[in-house]
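Notes for the structure review
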Amino acid sequence: MTEETLLEAEEKMEKAVGVAKEDFATVRSSRPTPATFNRITVDYYGATTPIHQLASFSIPEPRMVVISPFDVSARSNIVNAIRNSDLGVNPSDDGQVIRVVFPELSEDRRKEYVKVVRTKAEDARVSIRNVRRRAKDTFEKAVKAGDLGEDEAHRAQTELEELAQKYVATVDELLKHKESELLEV
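Residues numbered from 1 in each chain as written. Predicted model: local features only at pLDDT ≥ 70, side-chain atom pairs only at ≥ 80, totals over all residues. Heavy atoms only, no water.

**Regarding the sheet that holds strand β5 (residues 92-93)**
For sheets, the rule is that strands pair by backbone hydrogen bonds, running either parallel or antiparallel. We apply this condition: At least two bridges found by DSSP between two strands is the condition for calling them paired. Going along the chain from the N terminus, every DSSP run of H or I of four or more residues is numbered as a helix, and every run of E of two or more is numbered as a strand.
If you trace the four strands from one edge of the open sheet to the other, you get β3-β4-β6-β5, paired in antiparallel fashion. The outermost strands of the open sheet, each flanked by one partner alone, are β3 (55-61) and β5. As judged from the two bridges shared by β5 and strand β6 (residues 98-101), these two strands associate in the antiparallel manner. The partner of Ser92 across the bridge, within β6, is Arg99.

**Focus on the confidence of the model for the protein**
Using the following cut-off: The quantity called pLDDT is the predictor's confidence in a given residue, expressed from 0 to 100.
Considering every residue of the protein, the mean pLDDT works out to 88; 98% of them sit at 70 or more. The least confident element of the protein is β5, whose mean pLDDT is 88; the most confident is helix α4 (residues 150-183), at 91.

**A few points about the pattern of salt bridges**
To keep it simple, the criterion reads: Salt bridges are identified by distance alone: a Lys or Arg side-chain nitrogen within 4 Å of an Asp or Glu carboxyl oxygen.
Evaluated as defined, the whole model comprises 11 salt bridges. Linking Glu179 and Arg118 is a salt bridge whose minimum nitrogen-to-oxygen distance equals 2.4 Å. Of this pair, Glu179 sits in helix α4 while Arg118 is found in helix α3 (residues 107-145), placing the two residues 61 residues apart along the sequence. With a closest N to O distance of 2.7 Å, Asp172 and Arg125 form a salt bridge.

**A word on the pairing of strand β4 (residues 64-69)**
Filter applied, for reference: To sort residues, take the accessible area from a 1.4 Å probe on protein chains only and compare it with the maximum for the residue type: under 20% means buried, over 50% means exposed, and anything in between is partly exposed.
Burial of β4 is extensive: five of the six residues sit out of reach of the surface. Direction of pairing for β3 relative to β4: antiparallel, over a ladder of five bridges. If you follow Ala55 over to β4, its bridge partner there is Pro69. Counting the residues in the hairpin turn of β3 and β4 gives two residues. In terms of strand pairing, β4 meets β6 through four bridges, oriented antiparallel. Residue pairing across strands places Val65 opposite Val100, the latter belonging to β6.

Given below as structure tokens:
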């Protein structure tokens, strides 16, 4: 029972770190990446569809992304979705591909992005702590029910605490890397 609970907790903590990585990837640093567009969805024949399912991305220049829609009829919807997103860019459509030129990041904008990244990191830490708390509650309930001995529960809680610290440290390392990436000029 303790092993199952610990494995489940570790799995959920890994997912929290994965979500943090994805969130960090969507925050633009000096060079845009296709992951910058991950949160954008397009109305495609009445269905909300992620943009990466409708087009391919290439980066010919450091501040430019070229988007090639698989279905040419979706071009205008993709342009509108990008324009209405929080990226702060104005895509241009030449009839075949969509070009998105990202402006140079100002110092204020970089600091703003650092705040956003810190918030996302804190969300990941909170998620990891919540997983730890739920697993700890499971152990305590098992002790009260007599299904688990106190010594075994204590060992499991110690192992759980180490897992939580490991994953929080991973999030902190990801945050440190993303902050340095954002603040480099």
